[in-house]
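# Chains, contacts and geometry: an overview
What follows is the residue order along each chain.
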Amino acid sequence: MSRSALHLRPTPDAPAITEAADLGTVLGIWAHPDDEALLSAGLMAAARDAGQRVVCVTATLGEHGTDDPRHWPPDRLAAVRGHELRASLAALGVCEHHVLGIGDGACAEQPEDFVVHRLARIVREVAPDTIVTFGPDGLTGHEDHQTVSRWATAARALAAPRARLLYATTTEEFVDAWEPARDAFAVFLTDELPLRTPRSSLAVELRMDSAALDRKMVALRAQASQMTGLIAALGEDRVRDWWSVETFVAAERVESRTAWASWRVAA
Ligand SMILES: [Zn+2]
C-alpha cells in the first residue's frame, strides 16, 4: 500500500514544510458539520498520524441542513449533527472540538467583533502552527462560509499572526469533475465558479491513497444526515474520486476582493 502523497509547498511567511508533521498543531475553523470532513479529513488524519495536535472549530450545527424540516426540526437535527460530527472526527483521531453554537445561516448577522474575539481566545489557547478554513469565496458561495473565512482570518491576525493560514481551494480539474453534477445537486449556491488555484501555487495538495480514502469515507458516512443521500445519488466511486484530493492555498496569495462579499446569489 502506498502512502498518501502529501505535497506541501513553502508559503510566503512560513518555513518550508515537506511532510504532515511539519504542519505542527492544526486548527480547522469551519461553518457546518461536514465542511471539515469534505475539505480536510485527509489533512487532519495525516497530521494526527504524525503526532500533531488537531483542533476543530465549527460555527453552527447546520440545523437547517434538510429539505424535510417537518421530520427534522432544527433542535432535533442540531443534536443529531453534533453526534455525527463527533463520530466523524473520532474516526480521524480528532477529539478536541469546539462548537460556537451560532444559528445555521445566521453567521453574517452576528456581531463581528464579538465572534472574532471569541474565536481569538480559542486560537490563543490552541496556539496553532497551521490554521485551515475557507477562502473568501466560501468555496460553495455560502454566506456562512464567507463569514467564517473572514472571522478566522481576523482571529489569526489577533491571536496567532505567525501561524500559517491556509484557505481550502479548488483546482480546474476539480471544478471540471463537478460540472456534470452541478445542476443536479445544489451544492454550489452560485452560478459563478469557486476560487481556483493553479496547482503550482497550492500550499498543500494531499492526494489520498485508498486506505486514507477509506478513512475519509468513514468520516463522511458518519455524517449520515448529510451524506447518505449524496453518496447514494452520486455513487460511492464518484464521491471517492472527487474528494480524493484536498487542496489549500496560502492566504497571502489570495486577493481580498470586495467582490467576494456579494458573490453569493440565492440558491
Ligand atoms: Zn458548510
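Every chain is numbered on its own, with residues counted from 1 as its sequence reads. Local features in this predicted model are restricted to residues of pLDDT 70 or higher, and side-chain atom pairs are both shown and tallied only at a pLDDT of 80 or more, whereas totals for entire chains, interfaces and linings draw on every residue. The basis for every side-chain value is the complete set of heavy atoms in the structure, and neither hydrogens nor water enter the calculation.

The name an unreviewed UniProt entry assigns to the protein chain is PIG-L family deacetylase, from the organism Actinomycetospora endophytica.

### Brief notes about the overall build of the protein chain
Rule in force here: By the criteria applied, helices consist of DSSP H or I runs no shorter than four residues and strands consist of E runs no shorter than two, each listed in order from the N terminus. Burial classes: relative accessible area under 20% of the type maximum marks a residue as buried, over 50% as exposed, and values in between as partly exposed (1.4 Å probe, protein chains only). In short, Shrake-Rupley with a 1.4 Å probe defines the accessible areas, and a residue's cover is counted only from the protein chains shown.
When helices and strands are tallied, the protein chain shows eight helices and eight strands. When burial is assessed residue by residue, the protein chain has 52% of its 267 residues classed as buried. For the protein chain, the accessible area works out to roughly 11900 Å², and carbon and sulfur atoms hold 51% of it.

### With respect to the sheet that holds strand 5 (residues 130-134)
Where we set the bar: Pairs of strands are assigned from DSSP output, requiring at least two bridges between the strands. Lines fitted to C-alpha atoms define the axes here, with helix axes fitted over just the stretch in contact, and angles between the N-to-C directions of these axes take values from 0 to 180 degrees. Only heavy atoms matter for contacts: two residues are in contact if any of them lie within 4.5 Å across the pair.
Spatial strand order, 1-7-8-6-5-2-3-4: eight strands in an open sheet with mixed pairing. Looking at strand neighbours, the two that pair on one side only are strand 1 (5-8) and strand 4 (96-102), the edges of this open sheet. Going across the sheet, the axis of each strand differs from the next one's by a mean of 20 degrees, ignoring polarity. The strands touched by helix 3 (residues 112-126) within the sheet are strand 2 (26-30), strand 3 (54-60), strand 4 and strand 5, with strand 4 carrying the most contacts at an inclination of about 175 degrees.

### Considerations on the coordination of the zinc ion
In plain terms, the rule: Coordination shells were defined by N, O and S atoms within 2.8 Å of each metal, extended to 3.2 Å for Na, K and Ca; water is absent from the atom set, which can make sites look incomplete. Square planar and octahedral sites, with four and six donors, are those where opposite donors lie more than 155 degrees apart and all other angles lie between 65 and 115, tetrahedral sites have four donors with every angle between 85 and 135 degrees, and the rest are irregular.
Surrounding the zinc ion are the protein donor atoms His32 (ND1), Asp35 (OD), Asp35 (OD) and His145 (NE2), which sit 2.1 to 2.6 Å from the metal. Coordination at the zinc ion is irregular: its four donor atoms span angles of 54 to 134 degrees at the metal. The motif formed by the donor residues of the zinc ion, counted along the single chain, is H-x2-D-x109-H. A relative accessible area of 7% means that His32 is categorised as buried.

### Here we look at the environment of Ala222
Summarising the element assignment, Ala222 is placed in the loop between helix 6 (210-221) and helix 7 (224-234). Relative accessible area serves as the criterion here: at 22%, Ala222 is assigned to the partly exposed category. Spatially, the C-alpha atom of Ala222 lies 8.9 Å from that of Leu89, the residues being 133 residues apart in sequence. Apart from residues lying up to four places away in sequence, Ala222 is in contact with Glu84, Ala87 and Ser88.

### Points about the pairing of strand 8 (residues 245-250)
Taking burial as the measure, the six residues of strand 8 include five buried ones, the bulk of the element. In the sheet, strand 6 (residues 164-168) pairs with strand 8 via three bridges, with the strands oriented antiparallel. Counterpart to Tyr167 in the pairing with strand 8 is Val249. In this sheet, strand 8 lies alongside strand 7 (residues 204-207) in antiparallel orientation, the contact comprising four bridges. Note on strand 8: the bridge partner recorded for Arg207 is Val245.

### Comments concerning the nonpolar core
Operational definition: Residue types Ala, Val, Leu, Ile, Met, Phe, Trp, Tyr and Cys, when buried and joined through side-chain atoms within 4.5 Å, form a set referred to as a nonpolar core.
Counting residues in hydrophobic clusters, the biggest one holds 74 residues, and the most contacted among them are Ile29 and Trp151. Element by element, the count of residues in this core is highest for helix 1 (residues 35-49), at eight residues. Non-local contacts of Trp151, meaning those with residues more than four positions away in its chain, are made with Ala59, Ile102, Cys107, Gln110, Glu112, Val115, Val116 and Leu119.

### A word on the environment of Lys216
With respect to the helices, strands and loops of the structure, Lys216 is situated in helix 6. Classification of Lys216 as buried rests on a relative accessible area of 2%. Counting along the chain gives 175 residues from Lys216 to Ala41, while the straight-line C-alpha distance between them is 5.7 Å. Beyond its immediate chain neighbours, meaning those up to four positions away, Lys216 contacts Ala37, Leu38, Ala41, Met208, Trp243 and Glu246.

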